[in-house]
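# Breakdown of the fold
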Amino acid sequence: MVEEKKKSADPGVVELLEMKEKDETFPTTAWDRYDIMQPQCRFGELGICCTICLQGPCRINPTGKEPSRGVCGATAYTIVSRNLIRKIAAGCAAHSDHGRHIAHTLKALLEGKTDAYSIKGEEKVKTVAKRIGIEVEGKDTNTLAKEVLDMALEDYSRHDEETPLIWTKTIVTPERFEILDRCDVVPYNIDATIAEVMHRTHIGVDADPVPLIFNGIKCAIADLAGEHISTDISDILFGVPELTVTESNLGVLKENSVNVAMHGHNPVLSEVIADVAEELQEEVTAAGAEGINLVGICCTGNELLMRRGIPLATNFASQELALLTGVLDAMIVDYQCIYPSLGWWAQCFHTRLISTSNLCRQTGDTHIEFNPKTAKEDAKKILRLAIEAFKNRGTREVNIPDYKETCVVGFSMEQVEEILRTQSDDPMQYMVDQIKEGKVAGIAAIVGCNNIKTCHDEAHLKVARELIRNNVLIIATGCAAGAYVRAGLANSNATKEIAGEGLKEFLTTLGKGMNLDEPLPPIWHMGSCVDNSRIHDFVTAIANKMGVDIKDLPVVASAPEAMSEKAVVIGTWLVATGWPTHVGILPFIHGSDLVVQVAENTARDVYGGYFVFETDADKAAKRLVNIIKQRRWKLGIGTDEEIVYANGQTAHELFEETEEKKATVANGGK
Ligand code: NFS
């Protein structure tokens, strides 16, 4: 018997799920399929099932009894490490291939092969060029953009193993580069690093968990570079996000409009769709609709939300439910995080599922291969299918949940600097001062997905609320950010209602600085998951201003509902760049004590960052608050009174204990 548990913290999602329960003709949702799947494979959960060679599947007995080795002789730590770093490589491949596709779009533009794009971020071209060491004086935008592009593409193709990735060397603190270099985890070529992981984990190559994990970390650093390239070139092509007020949640769908959801990750198509939608107004009117209503889902949605204020309809876990409203006329998908069930769902409704990348075909789709060279025509073709579908809606019941929330988004690094500049000519020094004074106790990056194993969005909300109450500023991306904009946490009311006094004052002052009547929200939406690069840049700028490294700052990261391999790789580079990183879903590593130890403890000694695995969101939030307090104290900006822990320990005592523990480790456990 499967225990009935709360499925979502989003009332609109709950409403649709209840409606679905009453009609057996509807297809199953991810929640149903998860229940049907129970119990899930324990060996898989622990990461001790190996299918790397065809002599398997081999599974190790976690109790220590036989079988303790696979057919080839691999033990639990080898199997767990290999499985883990293959996930890291897959995450890196997804992000960095996305970056490459954006780069190829810029290349097509610079070579005059497309008229669908222009360089909207002229300033960004200069900023990136300067950062990576290109001389900017006397060069026009296109020349500079070409030089930036060539250097980005070189990070995917360099043969000189001695030269580090430019998008590593130029984006981390000097101290961090030194740490990464010392550990031999600085990549020279993004693609080669992914290949190295796949080679190393082949049957009969590396069996030692330590170099295996270090290779995973190197791949995670390559991932950070790939993400950063994606953000940089997206900003160059589509403009740097600025503060925008809009709405989000399923209530943004409109009964009398042609509703088009854009779902996936890469903005190259969705930007053009947004550009051309108005040109089809006559056809839309002729079809009897009021207009085309564009909405977003997942990270394509986050990109559109940040740059254009296009509302985010929903996030990962609830993507199928957008069809259940009965008014979604087209779901356009590019790639990543697309449920394979969508094709089947689309067949049960009038909705056209339109796939646009040959990387990501769906059964039951209509495929229109998107090409930057024919972007405008492709975009119109796709929208015309949506208009046709609108005409075929028939008499199906309309169920648009009446929920939507105002959100303030667009917190790019550039926008954040501009906001802070309203208070001081030295914006990052102002930020540092606010942290030192304790108005902002610290910063928490809350990132990542939804995971059907836990109540949809609930952990995101619990962790954020507790941190905000404790004066921690939240910077968010991905489906975490998607949860906040839909739940009304990314607006000024959230600041007024739940922010601690110091944080409220900080956000109110900044709101006034921007000539707003209201405070800024306590959660700064920084974009899609590749835009974790913005999170990295913001905190790196604070570290550089203070002359320290991220490992010394009162910052924490959290992926309360981590799901994808991309989340695994992001968590890994966060740890490797010095962030204490909470993960609310147990990754498949607990079949090896050694690997868990490395993730939770050894990483702290080597990188200063470490994983905190905690499935209880309330406990996790408290722990994150305590970590921030402890780091403040270590940095010399906290007070002993401020830092009394739930167990009555002061930070001082805790720190002493940690030092003691370190000494014990140094003495070989004696
Ligand atoms: Ni990130 Fe964005 Fe969401 Fe998770 Fe998927 S959409 S790239 S992987 S599920 S946050």
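Along every chain, residues carry numbers that run from 1 in the direction the sequence is written. At least 70 in pLDDT is required for a residue's local features to be given in this predicted model, at least 80 for side-chain atom pairs to be given and counted, and no such filter applies to totals for whole chains, interfaces and linings, which use all residues. Water and hydrogen atoms play no part in the side-chain values, which are based on all heavy atoms of the structure.

### Brief notes about the coordination of the nickel atom of the ligand
When only protein atoms are considered, the nickel atom of the ligand has one donor, C529 (SG), at a distance of 2.3 Å. Only N, O and S atoms count as donors, using a 2.8 Å cut-off from the metal and 3.2 Å for Na, K and Ca, and because water is excluded some sites may appear unfinished. A site with four donors is called tetrahedral when every donor-metal-donor angle falls between 85 and 135 degrees; four donors are called square planar, and six octahedral, when opposite donors sit more than 155 degrees apart and all other angles fall between 65 and 115; any other arrangement is irregular. In this structure, the nickel atom of the ligand is coordinated by 4 donor atoms arranged in irregular fashion, with angles at the metal of 89 to 168°. Think of it this way: any DSSP run of H or I at least four residues long counts as a helix, any run of E at least two long counts as a strand, and we number them from the N terminus. Assignment of secondary structure puts C529 in the loop between strand 13 (523-527) and helix 23 (532-546).

### Notes on unusual backbone geometry
Cis geometry marks the peptide bond from G56 to P57; its omega dihedral reads 0°. Its location among the elements puts P57 in the loop between strand 1 (49-50) and strand 2 (58-59). With an omega dihedral of 0°, the bond running from E66 to P67 counts as a cis peptide bond. Here P67 is to be found in the loop between strand 2 and helix 4 (76-110). Positive phi values are uncommon outside glycine, yet D457 reaches one of about 70°. On the secondary structure map, D457 appears in the loop between strand 11 (442-446) and helix 19 (458-469). In this structure, N471 takes a positive phi of about 65° despite not being glycine. Residue position: N471 is located in the loop between helix 19 and strand 12 (472-477).

### A short note on the environment of A445
Relative to the helices and strands, A445 is located in strand 11. Burial classes follow relative accessibility: with a 1.4 Å probe on protein chains only, a residue under 20% of its type's maximum area counts as buried, one over 50% as exposed, and anything between as partly exposed. Look at A445 and you get buried, because its relative accessible area is 0%. Spatially, the C-alpha atom of A445 lies 8.7 Å from that of N532, the residues being 87 residues apart in sequence.

### Some words on the sheet that holds strand 16 (residues 610-613)
Two strands form a pair only when DSSP identifies at least two bridges running between them. With parallel pairing, the 6 strands of this open sheet are ordered in space as 13-12-11-14-15-16. Of all strands in the sheet, those bounded by a partner on one side alone are strand 13 and strand 16. Strand-to-strand, the axes of this sheet are offset by a mean angle of 25°, without reference to chain direction. In this sheet, strand 12 lies alongside strand 11 in parallel orientation, the contact comprising 5 bridges. Bridging from a neighbouring strand, G442 pairs with V472 of strand 12. What makes two residues a contact is simply this: any of their non-hydrogen atoms within 4.5 Å. To obtain an axis, a line is fitted to C-alpha atoms, over the contacting stretch when the element is a helix, and the angle between two such axes runs from 0 to 180 degrees between their N-to-C directions. Contacting strand 14 (555-559), strand 15 (580-583) and strand 16, helix 24 (residues 565-576) crosses the sheet at an angle of about 130° to strand 16.

### Topic: the nonpolar core
What makes a nonpolar core is a set of buried Ala, Val, Leu, Ile, Met, Phe, Trp, Tyr and Cys residues whose side-chain atoms join them at distances within 4.5 Å. Within the largest apolar cluster, 182 residues are counted, with the highest numbers of intra-cluster contacts made by M431, F506, W524 and F538. With 14 residues, the single largest contributor to this core is helix 10 (residues 209-238). The next biggest cluster of nonpolar side chains, apart from the first, holds 38 residues, and it includes F26, L321, L323 and C337.

### As for the environment of C49
Locating C49 in the fold gives a position in strand 1. Ignoring anything within four residues of it in the chain, the contact list for C49 reads F43, G44, P57, C58, R59, I79 and N83.

### Describing the packing of aromatic side chains
Two aromatic rings are characterised by how far apart their centres lie and by the angle between their planes. Stacked, tilted and edge-to-face pairs are distinguished by plane angle, under 30 degrees for stacked and over 60 for edge-to-face with tilted covering the rest, among Phe, Tyr and Trp rings (Trp via its six-membered ring) whose centres lie within 6.5 Å. Overall, the coordinates contain 9 aromatic pairs when judged by the stated rule. Here the aromatic rings of F316 and Y339 are separated by 4.8 Å at their centres, their planes lie at 50°, and the arrangement is tilted. Of this pair, F316 sits in the loop between strand 6 (312-314) and helix 14 (321-324) while Y339 sits in the loop between strand 7 (328-333) and helix 15 (342-348), and the two are 23 residues apart along the sequence. The exposure classification of F316 matches that of Y339, with both residues buried. Their ring planes at 0° and their centres at 5.8 Å tell us that W345 and F349 sit as a pair that is stacked. Judged by relative accessible area, W345 falls into the buried class, the value being 0%. We classify F349 as buried; its relative accessible area is 10%. An aromatic cluster of three or more residues is present, and its members are F411, F506, W524 and F538. In this analysis the charged atom, NZ for Lys or CZ for Arg, is taken to sit over a ring once it is within 6 Å of the ring centre and within 35 degrees of the ring normal. One cation-aromatic arrangement involves R59 over F43; the distance from NZ or CZ to the ring centre is 5.7 Å.

### Here we look at the pattern of salt bridges
What counts as a salt bridge is simple: a side-chain nitrogen of Lys or Arg found within 4 Å of a carboxyl oxygen of Asp or Glu. Per the counting criterion, the structure on display carries 46 salt bridges. A salt bridge links K113 to E111, with the nearest nitrogen and oxygen atoms 3.0 Å apart. We classify E111 as partly exposed; its relative accessible area is 39%. One salt bridge in this structure joins E505 and K439, with 3.7 Å as the shortest N-O distance. Here the residue E505 occupies a position in helix 22 (residues 501-513), and K439 occupies one in the loop between helix 18 (427-437) and strand 11, the gap between them amounting to 66 residues. Residue E505 is classed as partly exposed on the basis of its relative accessible area of 44%. Salt bridges here are not isolated pairs; linked through shared partners, they connect K124, R131, D232, D235, E303, R307, E414, D531 and R534.

### Section: the packing of helix 18 against helix 22
Between helix 18 and helix 22, whose axes approach to 11 Å, the crossing angle comes to 155°. As summarised for this structure, helix 18 and helix 22 are arranged roughly antiparallel, according to the angle between their axes. Crossing of helix 18 over helix 22 shows right-handed handedness. Listed contacts from helix 22 to Y430, M431 and Q434 of helix 18 are F506, T509 and L510. Just so you know how the angles are binned, under 35 degrees is roughly parallel, over 145 roughly antiparallel, 65 to 115 roughly perpendicular, and the rest oblique. The handedness criterion is simple: a crossing whose near helix is rotated anticlockwise from the far helix by less than a right angle is left-handed, and one whose near helix is rotated clockwise is right-handed.

### A look at the environment of E561
Within the element layout of this structure, E561 appears in the loop between strand 14 and helix 24. A relative accessible area of 0% places E561 in the buried class. When the C-alpha atoms of E561 and T615 are compared, they prove to be 9.0 Å apart, with 54 residues separating the residues in sequence. Residues adjacent in sequence count toward polar contacts only when both atoms are side-chain atoms; beyond that, a polar contact is any pair of N or O atoms within 3.5 Å, and within protein one must be able to donate a hydrogen and the other to accept it. From its side chain, E561 meets the backbone nitrogen of H460 in a polar contact 3.1 Å long.

### Here we look at the pairing of strand 7
When you tally the buried positions in strand 7, you get 6 out of 6 residues, the bulk of the element. As paired elements, strand 4 (residues 258-264) and strand 7 share 5 bridges and run parallel to each other. Residue pairing across strands places N259 opposite L328, the latter belonging to strand 7. Taken together, the 4 bridges between strand 7 and strand 8 (residues 352-355) define a ladder with parallel strand orientation. From the neighbouring strand, V333 faces strand 8, where its bridge partner is S355. For the handedness criterion, the strands are oriented away from the viewer, and a crossover whose path from the first strand over the helix to the second runs clockwise is classed as right-handed. For the crossover from strand 7 across helix 15 to strand 8, the handedness is right-handed.

Read these as spatial facts, not as claims about activity.
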